[in-house]
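For reference, the chains in residue letters:
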Number of protein chains: 2
Amino acid sequence: MKIALAQLNYHTGNFEGQRKQMLAAVGDARAAGADLLVFAELAITGYPPRDFLEFDHFIAQSDGLVQELASHSIGMGIIVGAPLRNLTGKGKPLFNAAYLLHEGEIKQTVAKTLLPTYDVFDEYRYFEPAFGNTLVQFKGVMLALSICEDLWNVGHHARYVRDPLDEMQAQEADLIINIAASPFSREQQAERDYVLTEQVKRWKKPLIYVNHVGAQTELIFDGSSMAIDANGNKCLQLPAFAPSMGYVVWDGSGLKHEVQAAIKILEGEEAVHEALVLGIRDYFRKLGFNKAIIGLSGGVDSALVTVLAARALGAENVHTLLMPSRYSSDHSINDSQALVKKLGVSHSILSIEDAFVAMESTLAPFFEGRAPDLTEENLQSRIRGMLLMAHTNKFGYILLNTSNKSELAVGYGTLYGDMCGGLSVIGDLYKTEVYSLCRFINREEEVIPENILVKAPSAELRPNQTDQDSLPDYDVLDQLLYQYIEERKAPADLRAMGFEQALVDKVMRLVNMNEYKRHQTPPILRVSSKAFGMGRRMPIVARYLQ
Amino acid sequence: MKIALAQLNYHTGNFEGQRKQMLAAVGDARAAGADLLVFAELAITGYPPRDFLEFDHFIAQSDGLVQELASHSIGMGIIVGAPLRNLTGKGKPLFNAAYLLHEGEIKQTVAKTLLPTYDVFDEYRYFEPAFGNTLVQFKGVMLALSICEDLWNVGHHARYVRDPLDEMQAQEADLIINIAASPFSREQQAERDYVLTEQVKRWKKPLIYVNHVGAQTELIFDGSSMAIDANGNKCLQLPAFAPSMGYVVWDGSGLKHEVQAAIKILEGEEAVHEALVLGIRDYFRKLGFNKAIIGLSGGVDSALVTVLAARALGAENVHTLLMPSRYSSDHSINDSQALVKKLGVSHSILSIEDAFVAMESTLAPFFEGRAPDLTEENLQSRIRGMLLMAHTNKFGYILLNTSNKSELAVGYGTLYGDMCGGLSVIGDLYKTEVYSLCRFINREEEVIPENILVKAPSAELRPNQTDQDSLPDYDVLDQLLYQYIEERKAPADLRAMGFEQALVDKVMRLVNMNEYKRHQTPPILRVSSKAFGMGRRMPIVARYLQ
């Protein structure tokens, strides 16, 4: 039995888009002589559909596409993920299901048992859990069919009370098939390999895994679909960050791969780079936009975002604004000009001086006798935000935000100023990670001018300002932030790790009190295990922990 | 047995604040001769604690306060809600529990079975469900102790597979006690009365219900704690929107109320008015701020927000900016001045003309040959936002946002302009509801100048503009929005209800495509069953439903 793995880039709610891609995959699989074609979890709707799942006409469209796909299953089975209405009248109104389609019909459905409801996942918001997965027989082969999290209750991830695949079922199965919607993070590819390999070791059965690829706002799906034989060897590895079809053969006793070129597994900065490029590209493509605008400060954050945007959209689709003030250094312009020349993106230079003077004089009667402070710094940042937004309105750009995770964490940014934008590209990279990714980009050739990477970070909102006037060194700050945000360490733990008490208190206070700012930031491309945004839900009004 | 109901205003994570209030309630209950004192669900942490529940030191502080409260339970039992660590090693790491404290010890814990995970609720994100509630014996009285949602699986709310309170347990119980964290909405008080009365009718047992009061960012808890005797009659009703203690006596056969003044149940606009005032007051108080600033346009939205802010914070703590442009009508200033005089709030007048001219001239070289459009309208709105934010930075105000739900729904607002602010006060009121609330405020005396209520709504961003240049009449628009947003009706349903197809298509498209703007709005005080914000989670990048 030849089995096709379809790793496709879905678009939430775009049933017509899904239909076209899926029918093309059906054509490919047929041409390759496949007996069974496997799509990902909730492939029909795209993932995550979020509260669209609560709209009956959304489910009706999903049901319609499942039926249409069934009509294309004559002679070839299709496994596809879609919502399934819960007709029992009790529990949530839907199941998160895998459908087996064959000979024009829905032959069987299997519902997900373990519903991830943590971090970015809200599945119990919508779905009733099933009580254990069911075996599915197809052309005499017993398939243990499961959905994503159902296989994750293993090893150091084991935490659920129930395990969906019981001993008896597993022993009867020939093959384990898992359809998934598993987003990328720095750690996720390794964890996924670990989990799937553990399951193969545990049940001594081969496993086929089909994931989504492509970005849905914050979430970037890397794909990396695979097949593993009963000995734990990968016999198929589909690429990361690209749509792909792959084929394996079940010969009655084992899983054999088709001949394929070796797939390079992306790791570290290279994986993050590809993830962010895909994240930008899909955000624009799926919203129907193609041109980005970025404010270039001469610093490392905006330089990195510009490189990533040029790679995602093409240099011809990226415009930059250089917006010097009375406090801007010469190098802020020179370095930016060197960068735009190197990348081939367009740029305009607009001084913010006139607008700043006009704002100051409008406010002067009301601020009389008060010294310049953060107010005037924020004004400059907000004038820049306004000039960028005016360009988006006039020309149809999307503004890319250039805040990094360190800034977002401690609130070192201006709401409605440099925190503007439609999408935050590097909001899940700590400042030290921003430098690492720039170094990766420059590994063979100086794409980002060296001077941008070596000068001291500065907002340039007052004379001779640097970030380290207000913040500790990023090396220290980022480690502390990582331990608090990703690892959720207590203040006592942090002090025991060697961070100074005063620093711990200050940073934790800053992180918590700036929740109100992060509430109003653009969606952030997620590449870590704990990004700001939908996966980290903190109160705004709260007494902060010490 | 005399039972005290403590309806208090908690503050998420403010364990010291909780401690003080709770010990005062212990003192009051002792002085009144109570045998048992009942606090609300998760009273120890405040509700909702959100992802603070994932921090071990947060749980440690909660555990510490439970222990301290136990030390005050000599001679008087205390029932209090707090997280309980799940020590089984399987499932979520916590239970949402009710603790019975007595004679210095934790005598028993009962965990919540039904975990609301819909709309604004995320409880399965944190808590493992229990498998049915347990009876608790206290001084010879059998208490069926349950937590909020556990009692909601009844009547038209019945939807869970399991029911936590079974026939046998209920028959053994003398009294049902439910501790809750049930936020206000227009419909919630009636639904709550219905649900609790249904349970009393079903089990023929008296019921004691203790809820939170006070606002936690978006969520406003009305309190409205009560006791119902076995015949379904309310024998105690605590007030809405105010902390309160109440007492009932269980005499071995029935529940008797203490003598109390009749509590007026608030309904309709009066309830919404009290909710919003409390929402503003608690947002400021719990963040440690006391002064608000508001941009006054001369329109109904900003007038209403100013009235509510003056009532919540005191007129002396409210400052307003009147920011006319070349397109402003005379009445925009005159009407605003009449309002501020009536309310006794302060105001400043700042023309945006100079800043607008400076921005236009800065942009002129890049916009050459292009006609004025939405860009220039947004610029004006953003200059106003910037002037308001400059005042918040300089003087320590919080900016109150004045967007209404109709605008937010269709995207009729400027991101980083009139969408700025720390808190959206009326973002859950459709425009027609804004008028209704203004009429309620003016019911006895003209607080809001009549001219503000009768003139045509306008953003005044170009000559002779009115809202109805771009939008249908609010009477029609709001009905359509309600059917789509609150009732989740399909386009076909909406057409069947008599809305024109073109209007349905346009409005649904606007609602969906403006998700990116709503993603960046301030938190919105929730008064409806479906507010924008944490309770409505829609994708930004999606193909919109038609």
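Everything quoted here is computed from the prediction, not taken from an experiment.

Enquirer: Account for the overall build of chain A, with residues named and values stated.
Expert: Check the secondary structure of chain A and you find 16 helices and 20 strands. If one aligns the C-alpha atoms of chain A with their principal axes, the spans along those axes are about 85 × 50 × 50 Å. The buried share among the 546 residues of chain A stands at 56%. Pairs at least 24 apart in sequence give 71% of the contacts found in chain A among residues at least 6 apart.

Enquirer: Before we move on, could you go through helix α15 (residues 501-513) of chain A and cite the residues and values that matter?
Expert: Residue and element names in this part refer to chain A. Helix length check: α15, at 13 residues, gives a terminal C-alpha distance of 18 Å against a target of 18 Å (1.5 Å per residue), a fit within 8%. Every buried residue of α15 is accounted for by Val504, Val507, Met508, Val511 and Asn512. When α15 is viewed along its axis, its buried side chains cluster within an angular range of 130 degrees and face the same direction. As for α15, its buried residues are in contact with α10 (405-410), α13 (474-485), α14 (491-496) and α16 (515-518).

Enquirer: Can you tell me about the domain arrangement of chain A, naming the residues and giving the values?
Expert: Residues and elements named next belong to chain A. Domain annotation for chain A reports domain 1 (2-266) and domain 2 (271-466). Computed from C-alpha coordinates alone, the two centres of domain 1 and domain 2 are separated by 40 Å. Domain 1 puts 11 residues into the contact, and the matching count from domain 2 is 9 residues. Taken together, the residues of the side of domain 1 that touches domain 2 sort by class into 6 nonpolar, 3 polar and 2 charged.

Enquirer: An account of the environment of Leu276(B) is requested, with residue identities and associated values reported.
Expert: Residues and elements named next belong to chain B. Counting through the fold element by element, Leu276 comes out in helix α5 (residues 268-287). Residue class for Leu276 comes out buried when judged on the 26 C-beta atoms lying within 10 Å of it. Taking C-alpha positions, Leu276 is 24 Å from Phe39, a pair spaced 237 residues apart along the chain. Beyond its immediate sequence surroundings of up to four residues, Leu276 is in contact with Leu308, Val425, Leu525 and Val527.

Enquirer: Would you mind going over the sheet that holds strand β3 (residues 77-85) of chain B in detail, with residue names and values included?
Expert: All names here are of chain B. The 7 strands lie next to each other as β5-β4-β3-β2-β1-β14-β15, forming an open sheet whose pairing is mixed. With partners counted over all chains shown, the strands left at the sheet margins are β5 (105-111) and β15 (255-257), one partner each. Each neighbouring strand pair of the sheet contributes to a mean axis angle of 35 degrees, computed without reference to strand direction. Running at roughly 145 degrees to strand β2 (residues 36-38), helix α1 (residues 15-31) makes contact with β1 (2-7), β2 and β14 (244-250) of the sheet.

Enquirer: Requested: an account of the relation of the copies chain B and chain A, with residues and values cited.
Expert: When chain B is fitted onto chain A, the two copies agree to an RMSD of 0.0 Å after a turn of 180 degrees and an axial shift of 0.0 Å. This pairing of chains is accounted for by a two-fold axis. Among all C-alpha atoms of chain B, that of Gln520(B) lies closest to the rotation axis, at 2.1 Å. An overlap of 100% is found between the interface residues of chain B and their copies at the interface of chain A, pointing to a shared contact surface.

Enquirer: Can you explain the interface of chain B and chain A? Please cite residues and give values.
Expert: Of the residues lining the interface, 73 residues belong to chain B; the matching set on chain A comes to 73 residues. Taken together, the elements giving at least two residues each to the side of chain B that touches chain A come down to α2 (56-70), α5, α8 (353-367) and α9 (374-395) of chain B. The leading source of residues in the side of chain B that touches chain A is α9(B), at 12 residues. For the side of chain B that touches chain A, the per-class residue count stands at 36 nonpolar, 20 polar and 17 charged.

Enquirer: With reference to specific residues and values, describe the pairing of β5(B).
Expert: Residue and element names in this part refer to chain B. Where strand β4 (residues 94-102) and β5 come together, 6 bridges link them in antiparallel fashion. Residue pairing across strands places Leu100 opposite Gln108, the latter belonging to β5. Hairpin connection from β4 to β5: 2 residues lie between these consecutive antiparallel strands, with Glu103 at a positive phi of about 50 degrees.

Enquirer: Describe the sheet that holds strand β8 (residues 175-179) of chain B, listing the residues and the values that go with them.
Expert: Residues and elements named next belong to chain B. Read across the open sheet, the 6 strands follow the order β6-β7-β8-β9-β12-β13; overall the sheet is mixed. Each of the sheet's edge strands pairs with one partner strand only, and the pair in question is β6 (135-138) and β13 (234-237). Between one strand axis and the next, the sheet turns through 20 degrees on average, direction left out of account. Against the sheet, helix α4 (residues 188-203) contacts β8, β9 (207-210) and β12 (226-228), and its axis sits at roughly 155 degrees relative to β9.

Enquirer: I'd like to hear about α9(B), residue by residue, with values.
Expert: In an α-helix, one turn spans 3.6 residues, which is why side chains three or four residues apart end up on the same side. With 22 residues, α9(B) should cover 32 Å at 1.5 Å per step; its first-to-last C-alpha distance of 32 Å lies within 8% of that length. Residue Gly396(B) follows α9(B) closely and has a positive phi angle near 80 degrees.

Enquirer: Break down the pairing of strand β18 (residues 346-349) of chain B for me, citing the residues and quoting the values.
Expert: In the case of a regular strand, side chains alternate between the two sheet surfaces. Residues and elements named next belong to chain B. Both strand β17 (residues 318-322) and β18 contribute to a ladder of 4 bridges, which runs parallel. Looking at the pairing, Thr320 lines up with His347 of β18. In this fold, β17 hands off to helix α7 (residues 330-343), which returns the chain to β18; that crossover is right-handed.

Enquirer: How would you sum up the nonpolar core? Please name residues and give values.
Expert: With 350 residues, the main nonpolar core has Val38(A) and Val38(B) as its most contacted residues. Contacts of Val38(A), omitting those with residues within four sequence positions, involve Ile3(A), Ala4(A), Leu5(A), Ala6(A), Ile79(A), Ile177(A), Ile179(A), Ile208(A) and Val210(A).

Enquirer: Which residues make up the environment of Val318(B), and what are the values?
Expert: All names here are of chain B. Position of Val318 among the secondary structure elements: in strand β17. As a C-alpha pair, Val318 and Thr306 span 12 residues in sequence and 7.6 Å in three-dimensional space. In this structure Val318 touches Ala292, Ile294, Thr306, Ala309, Ala310, Leu313 and Val345, once residues within four positions along its chain are discounted.

Enquirer: Break down the packing of helix α9 (residues 374-395) of chain A against α9(B) for me, citing the residues and quoting the values.
Expert: The relative placement of two packed helices is expressed as an angle between their axes plus a distance between the axes. Contact pair α9(A) / α9(B): the axes reach a minimum separation of 10 Å and the direction vectors enclose 165 degrees. If you check the angle between α9(A) and α9(B), you find them roughly antiparallel. Crossing geometry of α9(A) relative to α9(B) is assigned as right-handed. Across the interface between the two elements, Leu374(A), Thr375(A), Asn378(A), Leu379(A), Arg382(A), Met386(A), Met389(A), Ala390(A), Asn393(A) and Lys394(A) from α9(A) touch Leu374(B), Thr375(B), Asn378(B), Leu379(B), Arg382(B), Met386(B), Met389(B), Ala390(B), Asn393(B) and Lys394(B) from α9(B). The residue inventory of the contact of α9(A) with α9(B), partitioned by class, reads 10 nonpolar, 6 polar and 4 charged.

Enquirer: Requested: an account of unusual backbone geometry, with residues and values cited.
Expert: All names here are of chain A. In this structure, the amide linkage connecting Tyr47 to the following residue, Pro48, adopts the cis form with an omega of 0 degrees. Along the chain, Pro48 turns up in the loop between β2 (36-38) and α2 (56-70). Of note, the phi angle at Lys139 is positive, near 50 degrees, even though the residue is not glycine. In this structure, Lys139 sits in the loop between β6 (135-138) and β7 (141-147).

The rules behind each value
Residues numbered from 1 in each chain as written. Chains lettered and ligands numbered in written order. Predicted model: local features only at pLDDT ≥ 70, side-chain atom pairs only at ≥ 80, totals over all residues. Helix = DSSP H or I, 4+ residues; strand = E, 2+ residues; numbered from the N terminus. Buried ≥ 20, exposed ≤ 12 C-beta atoms within 10 Å, placed from the backbone. Contact = placed C-beta atoms within 7 Å. Expected span 1.5 Å × (residues − 1). Arc of directions from axis to C-beta. Domains from an automatic or database assignment. Nonpolar A, V, L, I, M, F, W, Y, C, P; charged D, E, K, R; others polar. Pairing = 2+ DSSP bridges. Axes fitted to C-alpha atoms, helices over the stretch in contact; angles between N-to-C directions. Least-squares fit on C-alpha atoms with pLDDT ≥ 70 in both. Right-handed = clockwise from strand over helix to strand, strands pointing away. Core = buried A, V, L, I, M, F, W, Y, C linked by C-beta atoms within 7 Å. Parallel < 35°, antiparallel > 145°, perpendicular 65-115°, else oblique. Left-handed = near helix turned anticlockwise from the far one by under 90°.

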